[in-house]
Structure formats: C-alpha cells, structure tokens
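# Fold and geometry: a report
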Amino acid sequence: MRIAIIGGSGVYDPGMLEMREQRVETPYGEVKLKIGLYQAEEIVFLNRHGEKHSLPPHKVNYRANIWALKVLGIERVIATAAVGSTNPDFQPGEFVIVHDFLDFTKTRLYTFFEGGEMGVVHTDFTQPYCPELRRILLETARELGIKAHDGGIYACTEGPRFETPAEIRMIRQLGGDVVGMTAVPEVILAHEAGLCYSTIAMVTNMAAGISATPLTHDEVLEVMAQNSRNLRNLIFQAIPR
Ligand code: HPA
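What counts and what doesn't
- Residues numbered from 1 in each chain as written.
- Predicted model: local features only at pLDDT ≥ 70, side-chain atom pairs only at ≥ 80, totals over all residues.
- Heavy atoms only, no water.
- Helix = DSSP H or I, 4+ residues; strand = E, 2+ residues; numbered from the N terminus.
- Rg over C-alpha atoms; globule rule 2.2 N^0.38 Å.
- Buried < 20%, exposed > 50% of the residue type's maximum accessible area, 1.4 Å probe, protein only.
- Areas by Shrake-Rupley, 256 points an atom, 1.4 Å probe, with all protein chains shown as cover.
- Near = heavy atom within 4 Å.
- Polar contact = N/O pair within 3.5 Å; in protein donor to acceptor, adjacent residues only side chain to side chain.
- Nonpolar A, V, L, I, M, F, W, Y, C, P; charged D, E, K, R; others polar.
- Disulfide = S-S within 2.5 Å.
- Contact = heavy atoms within 4.5 Å.
- Pairing = 2+ DSSP bridges.
- Phe/Tyr/Trp six-rings, centres within 6.5 Å; stacked < 30°, edge-to-face > 60°.

### Thoughts on the overall build of the protein
- Within the protein, the secondary structure is distributed over six helices and 11 strands.
- Here the C-alpha radius of gyration of the protein, 17 Å, is about what a compact globule of 241 residues would show, namely 18 Å.
- Taking the principal axes of its C-alpha atoms as reference, the protein extends roughly 45 × 45 × 35 Å.
- Going through the 241 residues of the protein one by one, you find that 52% of them count as buried.
- Summed over all atoms, the accessible surface of the protein reaches about 11,200 Å², with 51% contributed by carbon and sulfur.

### What about the site of the ligand?
- The environment of the ligand is formed by Ala 82, Val 83, Gly 84, Phe 162, Glu 163, Val 179, Gly 180, Met 181, Thr 204, Asn 205, Leu 215 and Val 220.
- At 2.7 Å from a nitrogen atom of the ligand is found a side-chain nitrogen or oxygen belonging to Asn 205.
- Burial of the ligand by the protein chains amounts to 95% of its free accessible area of 260 Å².
- Only strand 5 (76–85), strand 10 (178–180) and strand 11 (196–206) provide two or more residues apiece to the shell around the ligand.
- Top contributing element to the shell around the ligand by residue count: strand 5, with three residues.
- Its residues placed into classes, the shell around the ligand shows seven nonpolar, four polar and one charged.

### Observations concerning the state of the cysteines
- Considering all chains together, one arrives at one disulfide under this definition.
- Free cysteine Cys 156: the closest other cysteine sulfur is in Cys 130, separated by 20 Å.

### Some points on helix 4 (residues 183–192)
- Within helix 4, nine of the 10 residues are buried, leaving the element largely enclosed by the surrounding structure.
- Of all the residues in helix 4, the buried ones are Ala 183, Val 184, Pro 185, Glu 186, Val 187, Ile 188, Leu 189, Ala 190 and Glu 192.
- Check the buried side of helix 4 and you find it contacts strand 1 (3–7), helix 1 (62–71), strand 5, strand 7 (100–104), strand 9 (153–157) and strand 11.
- Of the residues trailing helix 4, Gly 194 is marked for its positive phi of about 75°.

### A look at the pairing of strand 2 (residues 17–26)
- Here strand 2 pairs with strand 3 (residues 29–38) via eight bridges, running antiparallel. Of the residues in strand 3, the one forming a bridge with Glu 21 is Lys 34.

### Considerations on the environment of His 58
- By the element assignment, His 58 lies in the loop between strand 4 (41–47) and helix 1.
- A residue is classified by how much of its surface remains accessible, and His 58, at 30% relative accessible area, is partly exposed.
- Spatially, the C-alpha atoms of His 58 and Ser 198 are 20 Å apart, while their sequence positions differ by 140 residues.
- The contacts of His 58, once residues within four sequence positions are left out, are Thr 107, Arg 108, Glu 158 and Pro 160.

### Thoughts on the packing of aromatic side chains
- Taken as a whole and assessed by the stated rule, the structure comprises six aromatic pairs.
- Relative to Phe 112, the ring of Tyr 28 has its centre 5.8 Å away and its plane inclined at 45°; by these criteria the two rings are tilted. Of this pair, Tyr 28 sits in the loop between strand 2 and strand 3 while Phe 112 sits in the loop between strand 7 and helix 2 (131–144), and the two are 84 residues apart along the sequence.
- Here Phe 112 falls in the buried class, since its relative accessible area comes to 4%.

As structure tokens, then:
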C-alpha cells in the first residue's frame, strides 16, 4: 500500500526519516513533493499550499497534485485541513473525519475528464471520502484517546477571505458542519483518480458570526500548532493499518 499525506495549513513538517525532495512532471505542471521513510515504508508528503504557504486555496494546482500522486503509484491519501465550525458539537481543537461535502467554490478546475483523450465520465459520488480509511482513522483516534467526530459535512468556500455571518447561517441551514477552502476540487479529483482519500479536518475556530472575535489566519495556525502532536500521532499510527 503506497500512502501519501497532503498537509494543509500548519502542517509543513511531517517529521519522517531520510526525507528527499522529488519533482514529478504532470500534464498540468510540475509538482514538488517529499518522500520520507516511516517504519521502512516510503511515504509521500505534499504541501498543499506550497513552501511557506505561498499558494492561496484558489491557486493550488489540485489536478497536478493528484496526478503526481497517481504517477508515484499512491493508493491511499490522508489529507489534513484546518476548518471553522458551524456546529456547536464540533469545538476548536477537535478532529472531524468528514464524510461528505458541499461546494461553494467558483473558479476552480474540477475534473480530469474534459472530453478528448480522457473522455466524458460521470463519477459516482455517493461516498466521496474513502469509507475504509475513515474507519481506520476513527479507530486509531479512539485508541489514542483523541477526540475525532465520525462524519461531518465539509462546506468548501472560495476564499481566500473568510465567510460572512450570513454565509455561515446559510451553510448551517444546508447541513454544513465545518467550513474550509480546499476540499474542492481535491476530494473530487482524488475520487476520479480512484484514490482512497480521507480528510482529517481540524477545527481551529468557530465560524464567522458564531465566534465572538474576528477570524485571523494566525488564530488558525495557533490552534493547529497546539494540536499538531495529536494530528501527527493520528496520521502515523493510522499509516501501518
Ligand atoms: N472558514 C474557512 N476556512 C477556514 C476557517 C473558516 O472559518 N478556519 C480555518 N479554515
């Protein structure tokens, strides 16, 4: 089983042995990623936002990233995502192993299937996130005593601004539990590519209008940093399963 980690905001150093950089050519551009050793297994690590968080969510080359993982023979992908919460049951510092998504993005490239050589393909999305990997992550979290919610709907907004209170009320009414800016189209492309892909969403803040204070990226990074040990343990304990 070849495994990759896609690190989101605040996850830049996976802490593996003998990390080396690798460049992968794809039809969508070049991807720079890292390959390291964990328990004698090669694990691929990809920074979604590039080095030093240089790419905003709408500029991430999602197609190149997922294509590169396919080229490397990856089968399973554990992605991380910082999210705001619209659900009072999901509090900052807690993990959510999301099971579905709502798409409020506007400007992205959503598919590998643009006609031509790749054809026109309508992919089933009844289970957008890999049920097997979700189960493994939930079991691992339970064994480690880490609070991880079983399921949640990830509402993806365009960003890079945070949402307005009215947008958050709308998302809540439509069933969204957490809100972030990167699930779409990453989960779509991973699913189209036949990867077993699951996201560990980390709640960093209550969403706009629910939180008592204005949102800042520093707050997001601070909560990620406070919980990075748990996140790392969860990922690496889940990998061998
Ligand atoms: N909204 C969108 N993206 C986010 C948030 C949020 O409140 N927190 C962390 N990423």
